[in-house]
Amino acid sequence: EATTFQISTTEKETTTFSNIETTTHTTTEITTIYETTATAVTAQNSITATNMGLYNAQTMECLYSKASANHIYPASLTKILTACTALKYVSPDTVFTVGTEQSLVPKGSSLCLIQPGHRLKLCDLLTGMLMCSGNDAAYTVGVNVAREVSGNANMSNSEAITYFSELMNSYAHSIGAVNSNFTNPDGWDDENQYSTVYDLAIISAHVIRINEIRSIVSSRSKYVVFESGENITWKNTNALLQPESKYYLPQAIGLKTGTTANAGNCLIAVVSIDSVEYIAVVIGCESDSARYKSAHALINMIE
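Quick caveat, the model's predicted, so the values are computed rather than measured.

Visitor: What exactly am I supposed to notice about the state of the cysteines here?
Guide: What we call a disulfide is simply a covalent bond connecting the sulfur atoms of a pair of cysteines. Going through the model one piece at a time under the given rule, you end up with zero disulfides. No disulfide involves C132; its sulfur sits 5.0 Å from the nearest other cysteine sulfur, which is in C112. Judged by relative accessible area, C132 falls into the buried class, the value being 0%.

What follows is the structure, given as structure tokens:
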């Protein structure tokens, strides 16, 4: 998912964000039997994900699932929880300075190319984190939000990540994602960090109602000017949103890609069809193309 960008200096522009919606809905999984039609069989045969699920985003009715309750590595899909946790406690206009927490970013990470000394609003850090899957932004968000919430500005980087992970877990459990545990904000593989397809769908149904996050994950690209003067254009890693991609899906409105050694190629796709929103989650695909083909096949089951 790593992408190279050019950062330069220019005059700052102002971006307006709408208020955060804080209403949550606790839901339970409803398993239904998908009718075995020719279309359904063809769609199912195109799905190579090891774990998957298709849900109505409003009711959480399950249209199709496979191993949706099994523990999986969530990879960068974790970042949607990181984003809503941060916005629960901190205003999107809060400015953070990138610092020594960058030493925590694992080698080989996808990056949005922020550097120590850069100053960015939280909303812009979330843009780099969600749109181009920047692990660098995830650690800056996690550490700074933890210090802000705890009131301990001297908290070490590692202590702050532990603290922020506790905030993430509390948030996830409060909205019904009770079969998950998170230990870092970027989704890097950790044997103690796990989720399920269904929990990720619950979190997705929640975050898609948060205006700041919905705006980011539905955008193809975004030009951002840092508070410290630098500027950059970030492109969304989600090929479903990109018209030039062979996987482009006009009905897609988000949400997030993820790839690690243990998780495989993963994707959460949110689509709007006939004014109804659906969530497709695919985990454990062997390639980038396989995750998009699996997502397309799941979405084709919607009638």
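Following the structure, the description resumes.
Visitor: Any chance you could explain the environment of T233 here in plain terms?
Guide: Within the secondary structure, T233 is located in strand β8 (residues 230–235). Judged by its relative accessible area of 41%, T233 falls in the partly exposed class. Each C-alpha atom of the pair T233 and S221 lies 6.8 Å from the other, and the pair is 12 residues apart in sequence.

Visitor: What is the right way to look at the pattern of salt bridges in this model?
Guide: Pairing is possible between side chains that carry opposite charge, provided their charged atoms lie close to one another. Counted by the stated rule, this structure contains four salt bridges. Of the charged contacts, one joins R214 and E277 as a salt bridge, the two residues approaching to 2.5 Å between their closest N and O atoms. In this pair, R214 sits in helix α7 (residues 211–217) while E277 sits in strand β11 (residues 276–285), placing the two residues 63 residues apart along the sequence. Since its relative accessible area comes to 22%, E277 is described here as partly exposed.

Visitor: I'm lost on the packing of aromatic side chains in this one. Help?
Guide: Each aromatic ring pair is described using two quantities: the centre-to-centre distance and the angle formed by the ring planes. Counting across every chain of the model gives three aromatic pairs. Summarising the aromatic geometry, the rings of Y55 and Y198 are spaced 5.7 Å apart at their centres and angled 50° between planes, so their arrangement reads as tilted. Placement of Y55 in strand β3 (residues 51–56) and of Y198 in helix α6 (residues 197–207) is noted, with a sequence separation of 143 residues between them. Classification of Y55 as buried rests on a relative accessible area of 0%. Assessed through its relative accessible area of 9%, Y198 is described here as buried.

Visitor: Could you clarify how one ought to interpret the packing of helix α2 (residues 79–89) against α6 in this entry?
Guide: Running from N to C, α2 and α6 cross one another at 45°; their axes reach a closest spacing of 10 Å. As judged from the angle between their axes, α2 and α6 are oblique. Between α2 and α6 the crossing geometry is left-handed. On the side of α2, the interface is formed by I80, L81 and C84, while α6 contributes L200, I203, S204, H206 and V207.

Rules of the game
Along every chain, residues carry numbers that run from 1 in the direction the sequence is written. Only residues with pLDDT of 70 or above have their local features reported here, since the model is predicted, and side-chain atom pairs are shown and tallied only from 80 upward, although totals for entire chains, interfaces and linings are computed over all residues. As a rule here, side-chain values come from all non-hydrogen atoms in the structure, and water together with hydrogens is ignored. Disulfide: a pair of cysteine sulfur atoms within 2.5 Å of each other. For the exposure calls, accessible area comes from a 1.4 Å probe over protein chains only, and a residue counts as buried if that area is under 20% of its type's maximum, exposed if over 50%, partly exposed in between. Think of it this way: any DSSP run of H or I at least four residues long counts as a helix, any run of E at least two long counts as a strand, and we number them from the N terminus. Put simply, a salt bridge is a Lys or Arg side-chain nitrogen that is within 4 Å of an Asp or Glu carboxyl oxygen. Classification of ring pairs uses Phe, Tyr and Trp, with its six-membered ring standing for Trp, and accepts pairs whose centres are within 6.5 Å; under 30 degrees between planes counts as stacked, over 60 as edge-to-face, and the remaining range as tilted. Axis definition: a line fitted to C-alpha atoms, limited for helices to the stretch in contact. Angles are taken between N-to-C directions and run from 0 to 180 degrees. Relative orientations are named as follows: roughly parallel for angles under 35 degrees, roughly antiparallel for angles over 145 degrees, roughly perpendicular for angles from 65 to 115 degrees, and oblique for any other angle. If you view the pair so one helix is near and one far, a crossing is left-handed when the near helix is turned anticlockwise from the far one by less than a right angle, and right-handed when it is turned clockwise. For this analysis, residues touch if any pair of their heavy atoms sits within 4.5 Å.

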